[in-house]
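One-letter residues, chain by chain:
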Amino acid sequence: MFDLHSHLLPGIDDGASTMPEAVEMARLAVLNGITHSVVTPHIHPGRYENDIRTISAVFDEFVEQLNRDDVPLTLGMAAEVRISMEMVEMLEQHRIPFLGELDGYSIILLEFPHEQIIPGSVTLVDMLINRQIRPLVAHPERNKDIIRNFEAVRPLVDAGCLLQVTAGSLEGRFGEPAQQRAIELLEHDWVYILASDAHNLRNRPPELEPGRRVAAKIIGEEESWRLVKQHPARIFGV
């Protein structure tokens, strides 16, 4: 399985805090059937001042450590980017790593504030699409605006965004409202991938299979596998 949203890189955001913890998370990912993982530390101006330079430095160390420890996890590097005007400047300066490419578009993992879909978001999405950058929206089922009103997600879909649901949401790890929204997104055929959004070993581990099994009950076995294999593999580039 392919996991395109994870916070395995150590000491760079609110994910793994140390290299040993990061390695153990990678081991757990492999045990859970994940063969490819894209590390996506936060780029959030004012909170996590990351960019492609800071992420690359830690990424290279992590790859070397996994090789030394014989952990058979194939890594990719990107970022979870908080929507902001600063993001636009960073894109112009080529400081944001993309998840990969799909149908001629660079794919950016885009995060909204947990409380809302901020005004002007669709305008910003339109600007990205015009630049051949397609947003993959991280965990929309956990956004409070979408929890309050499911239709709040429709303008993003209509604008051309792809959606990434957290596998744990389908299990109820983030509460019943987020679980219900995740189910509804699947029922509308609006989910392009499931991802772990792994942050640690305990309550937010790197696993996809339990959520995939829930998805299979809603959209069928074959379609559920597309969310963790074929679709993310296309973005990953294999």
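Residues numbered from 1 in each chain as written. Predicted model: local features only at pLDDT ≥ 70, side-chain atom pairs only at ≥ 80, totals over all residues. Heavy atoms only, no water.

## Re the overall build of the protein chain
- Looking only at helices and strands, the protein chain features 11 helices and 10 strands.
- Against the 2.2 N^0.38 benchmark of 18 Å for 238 residues, the protein chain shows a C-alpha radius of gyration of 17 Å, consistent with a compact globule.
- If you line up the protein chain on its principal axes, its C-alpha atoms span 50 × 45 × 30 Å.
- Relative to its full complement of 238 residues, the protein chain shows a buried share of 59%.
- The contacts in the protein chain between residues at least 6 apart in sequence include a share of 76% that link residues at least 24 apart.
- Surface exposure of the protein chain reaches about 10200 Å², of which carbon and sulfur atoms provide 48%. (Helix = DSSP H or I, 4+ residues; strand = E, 2+ residues; numbered from the N terminus. Rg over C-alpha atoms; globule rule 2.2 N^0.38 Å. Buried < 20%, exposed > 50% of the residue type's maximum accessible area, 1.4 Å probe, protein only. Contact = heavy atoms within 4.5 Å. Areas by Shrake-Rupley, 256 points an atom, 1.4 Å probe, with all protein chains shown as cover.)

## What about the pattern of salt bridges?
- Taken as a whole, this structure holds 18 salt bridges when the rule is applied.
- The closest approach of N and O atoms between arginine 82 and glutamate 111, which form a salt bridge, is 3.2 Å. You can see arginine 82 sitting in strand 5 (residues 80-82) and its partner glutamate 111 sitting in strand 7 (residues 105-111), a full 29 residues away along the chain. In terms of burial, arginine 82 and glutamate 111 fall into one category: buried. (Salt bridge = Lys/Arg side-chain N within 4 Å of Asp/Glu carboxyl O.)

## Regarding the packing of helix 1 (residues 19-31) against helix 2 (residues 52-68)
- Where helix 1 contacts helix 2, the axes come no closer than 10 Å and their chain directions differ by 60°. You can see that helix 1 and helix 2 cross each other, and the crossing is right-handed. Taking contact as the criterion, the partners of Met19, Ala22, Val23 and Ala26 in helix 1 are, on helix 2, Glu61, Phe62, Gln65 and Leu66.
- Classifying every residue of the contact of helix 1 with helix 2 gives 6 nonpolar, 1 polar and 1 charged. (Axes fitted to C-alpha atoms, helices over the stretch in contact; angles between N-to-C directions. Left-handed = near helix turned anticlockwise from the far one by under 90°. Nonpolar A, V, L, I, M, F, W, Y, C, P; charged D, E, K, R; others polar.)

None of the figures reported here should be taken as evidence of function without further support.
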